[in-house]
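Spelled out from the first residue to the last, the chains are:
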Amino acid sequence: MSHHKSNSVFQGLAARLNRFPQGAPPSDLLYKILALLFTEKEAALVSRLPLRPVSTSAAARIWQVTEKEASVVLVGLASKALLLDIEKEGEMVYLLPPPMAGFFEFSLMRVRSDIDQRRLSELFFEYLNVEQDFIRELLGEGETAIGRVFVNEAAIGDKSGSVVLDYERASEVIRSASHLAVGQCYCRHKMSHLNRSCDAPQEVCMTLGITADSLIRHNNARRIEASEGLDLLQEAWSRNLVQCGDNVREGVNFICHCCSCCCEPLLAVRRLAALNPIQTTNFIPSLKQEQCCGCGKCVNICPVEALALVSANDFRDQGKRKAVFYEERCIGCGLCTRICRQAAISLIPRPHRVITPVNTAHRVVLMALERGKLPQLFFDNQLCLSHRAMAAVIGAILKLSPVKRLLAHKQIKSRYLERLLEGVDVGRLTITS
């Protein structure tokens, strides 16, 4: 009976996680993961939290406890990086981050003894790499990816015709961050417990902005200055690691330095290439066959198997090989251009620019829309949305294309949204409730 009750508690928490676009498919593995991270009491309380940030007084009302009791729980959860605490207008508010990118990673961003990290790593590996429903749902559904690739800036250089915007440069994102922290790479730390990790450095993955501020406050990550962040970026480049980060232009929350053997985003690209699980850069390699010597260095370094060696069909040299490029797999990182000693590969702009969501609200609305979860996001029945939260969601909806705005309206079926959309040019589309 107690086991059934325990599972029921974590099923309730899983249901709460799945109100957000970046959810987690229910399974026994997920319940075991949640049971390692949360106590039954914590799971029961967190499952009742709204999607938006909540104050201590609001949490106390929801949980029907005193503010002092609510504060103890909230601070305790933030200290374990299960909640993020954010200071707004002099008041601390608390937010449950999604599992990824979120508290799954935070649980392994440092060495800790309060949880069994080896067992947690085993469960994560099974849930993400064996069961795979989570990765497919997170990275394989919808057009909007949760993460994007930063171009290797050394591969671009100062070539004419190559326009790299500030938000496309990891270096500029690091320089402009309000807060910057570094922690262990979740992926390589996890693999180290399974005796599968490579020799790439572990303490290189960065959090930025309000996420970094919360993790620093509770010693879940180490505060660094921009200069150290740029040094870490340079080390990552020298190790041929790929920079993957938040798929937003403003308010980037994380930059990871990924290897092809351990890191979930790059593993997912190889498994789910046709679904474009991570957003590419605005660049693509151009391969000059006449200069290719067939050495295979570009093939070996490509993290997503977008290059291969085939016969050069040279009747004078039957063993001669040449590189071929598979555009549909490419993430535009630029590693291949740096390794080629024949100058046979260069990065060129893609024919059409890749559109990056403006900010987190914009990306979340897009993901919710594509996954049929916009009503849950818009109408949080556990607590009414504040005017500020409502404004953020509405603002993101109004930035959508006319077709997607219409789809958003149909999912929400809100007369309030209809009135707002009437003031926006939607071409000849007719909005009906």
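Per chain, the residues get numbers from 1 upward, laid out in the order the sequence is written. Where local features are concerned, this predicted model is filtered to residues with pLDDT of at least 70; where side-chain atom pairs are given and counted, the filter is 80 or more; whole-chain, interface and lining totals use all residues. Only hydrogens and water are set aside; all other atoms, that is, all heavy atoms of the structure, feed into the side-chain values.

### Concerning the overall build of the protein chain
And then number 1: Runs of H or I in DSSP of at least four residues are treated as helices and runs of E of at least two as strands, each being numbered from the N terminus. Scanning the protein chain for helices and strands turns up 21 helices and 13 strands.
And then number 2: Note on exposure labels: buried denotes an accessible area under 20% of the residue type's maximum, exposed denotes more than 50%, and partly exposed covers the range between, all computed with a 1.4 Å probe on protein chains only. Within the protein chain, the fraction of its 433 residues that count as buried is 55%.
And then number 3: Per-residue accessibility takes into account occlusion by the displayed protein chains alone, with areas from the Shrake-Rupley method and a 1.4 Å probe. A total accessible area of about 19,600 Å² is found for the protein chain, and carbon and sulfur atoms account for 51% of it.

### Considering the sheet that holds strand β3 (residues 91-95)
And then number 1: The sheet built from three strands is open, its strands ordered β1-β3-β2 with antiparallel pairing. Looking at the sheet topology across the chains shown, the edges are occupied by β1 (54-55) and β2 (84-88).
And then number 2: Any two strands between which DSSP finds at least two bridges are classified as paired. In this structure, β1 lies alongside β3, joined through two bridges in antiparallel fashion. Bridging across to β3, V54 finds its partner in Y94.
And then number 3: Any two residues whose heavy atoms approach within 4.5 Å are treated as being in contact. Each axis is a line fitted through C-alpha atoms, and for a helix only the stretch in contact is used; angles between axes span 0 to 180 degrees, taken between their N-to-C directions. This element, helix α12 (residues 209-217), spans β2 and β3 of the sheet and lies at about 115° to β2.

### Description of a negative patch on the surface
And then number 1: To count toward a patch, a residue needs a relative accessible area above 30% and no salt bridge. Like charges then connect within 9 Å, nonpolar side chains (Val, Leu, Ile, Met, Phe, Trp, Tyr) within 5 Å. The working definition used for a salt bridge is a side-chain nitrogen of Lys or Arg within 4 Å of a carboxyl oxygen of Asp or Glu. By the counting scheme adopted, Arg and Lys are positive, Glu and Asp are negative, and His together with the chain ends is not counted. In plain terms, the charge of a residue is placed at NZ if it is Lys, CZ if Arg, CG if Asp and CD if Glu. The grouping of D28, E126, E131 and D133 at the surface amounts to a negative patch.
And then number 2: Within the secondary structure, E131 sits in helix α7 (residues 117-131).

### Quick word on the packing of aromatic side chains
Two aromatic rings, taken as a pair, are described by how far apart their centres are and by the angle between their planes.
And then number 1: Stacked, tilted and edge-to-face are the three classes applied to pairs of Phe, Tyr and Trp rings, where Trp contributes its six-membered ring and a pair requires centres within 6.5 Å; stacked means planes under 30 degrees apart, edge-to-face means over 60, and tilted covers the rest. Scanning the entire structure with this criterion turns up seven aromatic pairs.
And then number 2: Centroid distance F103 to F104: 5.4 Å. Interplanar angle 85°. Geometry classified as edge-to-face.
And then number 3: By relative accessible area, which is 0% here, F103 ends up buried.
And then number 4: When its relative accessible area of 0% is taken as the criterion, F104 is described as buried.
And then number 5: Taken together, F38, F103, F104, F124, Y127, F134 and Y186 form an aromatic cluster joined through their ring pairs.

### Quick notes on the sheet that holds strand β8 (residues 242-246)
And then number 1: Taken in spatial order, the six strands make up an open sheet running β4-β8-β9-β6-β5-β7, and their pairing is antiparallel. Single-partner strands in this sheet number two, and they are β4 (147-150) and β7 (222-223).
And then number 2: The pairing of strand β5 (residues 180-183) with β7 spans two bridges and is antiparallel. Directly across from V182, in β7, lies its bridge partner R222.

### Details of the nonpolar core
And then number 1: Nonpolar cores were defined as sets of buried Ala, Val, Leu, Ile, Met, Phe, Trp, Tyr and Cys residues, with membership established by side-chain atoms within 4.5 Å. In this structure, F38 and F103 are the most contacted members of the largest nonpolar core, which totals 113 residues.
And then number 2: If sequence neighbours within four positions are ignored, F38 has contacts with F10, L13, A43, V46, L77, L82 and F103.
And then number 3: Judged by nonpolar contacts, the second largest core, of 15 residues, contains F20, L366, L377 and A408.

### Section: the packing of α7 against helix α11 (residues 186-193)
And then number 1: Following both chains from N to C, one finds α7 and α11 inclined at 110°, their axes separated by 8 Å at the closest point. Taken together, the axes of α7 and α11 are roughly perpendicular relative to one another. Residue-level inspection shows Q117, R118, S121, F124, F125, L128 and N129 of α7 in contact with α11, the latter providing Y186, H189, K190, M191 and H193.
And then number 2: Three classes are used: nonpolar for Ala, Val, Leu, Ile, Met, Phe, Trp, Tyr, Cys and Pro, charged for Asp, Glu, Lys and Arg, and polar for all others, with Gly counted as polar. Looking at the contact of α7 with α11, its residues break down into five nonpolar, five polar and two charged. Angles are sorted into four bins: roughly parallel if under 35 degrees, roughly antiparallel if over 145, roughly perpendicular if 65 to 115, and oblique for all others.

### Section: the packing of helix α17 (residues 360-370) against helix α20 (residues 402-412)
And then number 1: Packing of α17 against α20 brings their axes to within 10 Å, and their N-to-C directions diverge by 65°. In this view, α17 runs roughly perpendicular relative to α20, as classed from their interaxial angle. Crossing of α17 against α20: the hand is left-handed. Of the residues in α20, those in contact with L366, A368, L369 and E370 of α17 are K404, L407, A408 and Q411.
And then number 2: Partitioned by chemical class, the residues of the contact of α17 with α20 number five nonpolar, one polar and two charged. It is the rotation of the near helix from the far one that decides the hand of a crossing: anticlockwise by less than a right angle makes it left-handed, clockwise makes it right-handed.

### Some words on the pattern of salt bridges
And then number 1: Tallied over the entire structure, the rule returns 15 salt bridges.
And then number 2: Among the ionic pairs, E203 bridges to R222, the shortest N-O distance being 3.3 Å. Remark: R222 occurs in strand β7 and E203 occurs in the loop between α11 and β6 (205-208); sequence separation between them is 19 residues.
And then number 3: When its relative accessible area of 40% is taken as the criterion, E203 is described as partly exposed.
And then number 4: Note on R222: relative accessible area 36%, which makes it partly exposed.
And then number 5: Through salt bridges that share partners, D85, D213 and R217 make up one connected network.

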